[in-house]
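In case you want the letters, here they are:
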Amino acid sequence: MKTLYIECNMGAAGDMLMSALSELLPNRDEFIERLNKLNIPTVRFEKKKVSKCGICRTHIDVLVDEEQEDEHMHKNHHHSGIADITEIISHLNVPEKVQADILSVYRLIAEAESYVHGCEVKNIHFHEVGTLDAVADITGVCMLINELVPDKIMASPVHVGSGTVKCAHGILPVPAPSTEYILRGVPVYGGEIKGELCTPTGAALLKHFVSNFGAMPVMKIEKTGYGMGTKDFGTADCVRVMYGETDDCRL
């Protein structure tokens, strides 16, 4: 059985997951070209090498109007509702399954925002996750999963970080309320690292695609990918993914 294992020792974010999964492809540059041909409005993807704690691997930047954005600081962008996002996704030249996956991920985010803000899903405006760079991250991950076609997707317990995070509504505890809601039922932990390690986008992607959370299974690893983050800690800020066979492995 072809198994994809996602190591979330430093949490998960959309760009980190996309970057890690892209390293499993034989031609990463061609994938970036295809992403840019999707013509997500004002968005451009750019792949670069980033070094964290001596590990030099991939980070995919999503540039909106040629500016790099932080997932929680979208004050200058239009706040989109689920109808706006559905309209953007409906015009993407991707397989129907990928479109369905993207919408399902946003449905998880919308339900979390609805719960946190106490209003109906149709009235939700995505302050942090509904902007174009998040659309790009989620689309990239959904495309990669569709192309890798694992039989099973597993992940470690999710490190969410600790302390507080600044967002459009002010200073919130980590994990942010929407992230905590999405991750209900998923094994998570905090620890000593101060800051937000798992974002709402990362949480929703994990919740949608991962069937089991726990220790790494016995597997014959065929390839490994690293998705580097943008923060610097004593521990390498990255998501690691391992792809291999789990059926006929024996201890």
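Small disclaimer: the values here were computed from a predicted structure and weren't measured.

Draft legend 1. Here's a closer look at the overall build of the protein. Scanning the protein from N- to C-terminus turns up seven helices and 14 strands. Against the globule reference of 18 Å for 251 residues, the protein gives a C-alpha radius of gyration of 17 Å, in line with a compact fold. When its C-alpha atoms are laid out on the principal axes, the protein stretches across 50 × 40 × 30 Å. Across the 251 residues of the protein, 52% fall into the buried class. Across the protein, every contact between residues at least 6 apart in sequence was considered, and the portion connecting residues at least 24 apart equals 73%. If you sum the accessible surface of the protein, you get close to 11200 Å²; carbon and sulfur atoms cover 50% of it. Seen as two clouds, the 24 positive and the 35 negative side-chain charges of the protein have centres 5 Å apart.

Draft legend 2. Region of interest: the packing of aromatic side chains. As enumerated under the stated definition, the model contains one aromatic pair in all. Ring geometry for tyrosine 115 versus tyrosine 181: centroids 4.5 Å apart, planes at 25 degrees, classification stacked. Linking tyrosine 115 in helix α4 (residues 96-117) with tyrosine 181 in helix α6 (residues 177-182), this pair joins segments that are 66 residues apart in sequence. We note lysine 223 situated over the ring of tyrosine 243; from NZ or CZ to the ring centre the distance is 5.3 Å.

Draft legend 3. Geometry of helix α2 (residues 28-36). Buried within α2 we find Phe31, Ile32 and Leu35. The buried residues of α2 occupy an angular sector of 100 degrees when projected down its axis, which confines them to one face. Buried-residue contacts for α2 involve α1 (14-22), β2 (43-52), β3 (55-64) and α5 (132-148). Where α2 begins, the capping side chain belongs to asparagine 27, and its oxygen is found 3.4 Å from the backbone nitrogen of aspartate 29.

Draft legend 4. Main features of the pattern of salt bridges. Summed over all chains, the structure comprises twelve salt bridges. The shortest N-O distance in the salt bridge between glutamate 23 and arginine 57 comes to 3.0 Å. One end of the pair, glutamate 23, is in the loop between α1 and α2; the other, arginine 57, is in strand β3, with 34 residues separating them in the sequence. Take arginine 57: its relative accessible area is 23%, and that puts it in the partly exposed class. Between lysine 48 and aspartate 61 there is a salt bridge, with its nearest N and O atoms 3.0 Å apart.

Draft legend 5. A look at the environment of serine 156. Along the chain, the position of serine 156 falls in the loop between β5 (152-155) and β6 (158-159). Using a relative accessible area of 5% as the deciding quantity, one classes serine 156 as buried. Taking C-alpha positions, serine 156 is 8.3 Å from proline 187, a pair spaced 31 residues apart along the chain. In this structure serine 156 touches Tyr5, Ile6, Glu7, Cys8, Asn9, Phe213 and Gly214, once residues within four positions along its chain are discounted.

Draft legend 6. Structural view of the confidence of the model for the protein. Here the protein averages 89 in pLDDT, while 91% of its residues score no lower than 70. Contacts for the low-pLDDT stretch residues 71-77, under 50 throughout, to residues beyond four places or in other chains number 21 contacts.

Draft legend 7. Looking closely at unusual backbone geometry. Look at the link from valine 174 to proline 175: it is a cis peptide, with omega at 0 degrees. Within the secondary structure, proline 175 is located in the loop between β9 (170-173) and α6. The phi dihedral of threonine 42 falls on the positive side, at around 65 degrees, and the residue is not glycine. On the basis of relative accessibility, which here comes to 43%, the residue threonine 42 falls in the partly exposed class.

Draft legend 8. Quick peek at the packing of α1 against α5. Between α1 and α5, whose axes approach to 9 Å, the crossing angle comes to 30 degrees. The angle between α1 and α5 falls in the class roughly parallel. Crossing of α1 over α5 shows left-handed handedness. Counting all contacts with α1, which are made through Gly14, Asp15, Leu17, Met18, Leu21 and Ser22, the residues of α5 involved are Ala136, Asp137, Gly140, Val141, Leu144, Ile145 and Leu148. Partitioned by chemical class, the residues of the contact of α1 with α5 number eight nonpolar, three polar and two charged.

What counts, and at which threshold
Residues numbered from 1 in each chain as written. Predicted model: local features only at pLDDT ≥ 70, side-chain atom pairs only at ≥ 80, totals over all residues. Heavy atoms only, no water. Helix = DSSP H or I, 4+ residues; strand = E, 2+ residues; numbered from the N terminus. Rg over C-alpha atoms; globule rule 2.2 N^0.38 Å. Buried < 20%, exposed > 50% of the residue type's maximum accessible area, 1.4 Å probe, protein only. Contact = heavy atoms within 4.5 Å. Areas by Shrake-Rupley, 256 points an atom, 1.4 Å probe, with all protein chains shown as cover. Lys, Arg positive; Asp, Glu negative; His and termini not counted. Charge placed at Lys NZ, Arg CZ, Asp CG, Glu CD. Phe/Tyr/Trp six-rings, centres within 6.5 Å; stacked < 30°, edge-to-face > 60°. Lys NZ or Arg CZ within 6 Å of the ring centre and 35° of its normal. Arc of directions from axis to C-beta. Polar contact = N/O pair within 3.5 Å; in protein donor to acceptor, adjacent residues only side chain to side chain. Salt bridge = Lys/Arg side-chain N within 4 Å of Asp/Glu carboxyl O. pLDDT = per-residue confidence, 0-100. Axes fitted to C-alpha atoms, helices over the stretch in contact; angles between N-to-C directions. Parallel < 35°, antiparallel > 145°, perpendicular 65-115°, else oblique. Left-handed = near helix turned anticlockwise from the far one by under 90°. Nonpolar A, V, L, I, M, F, W, Y, C, P; charged D, E, K, R; others polar.

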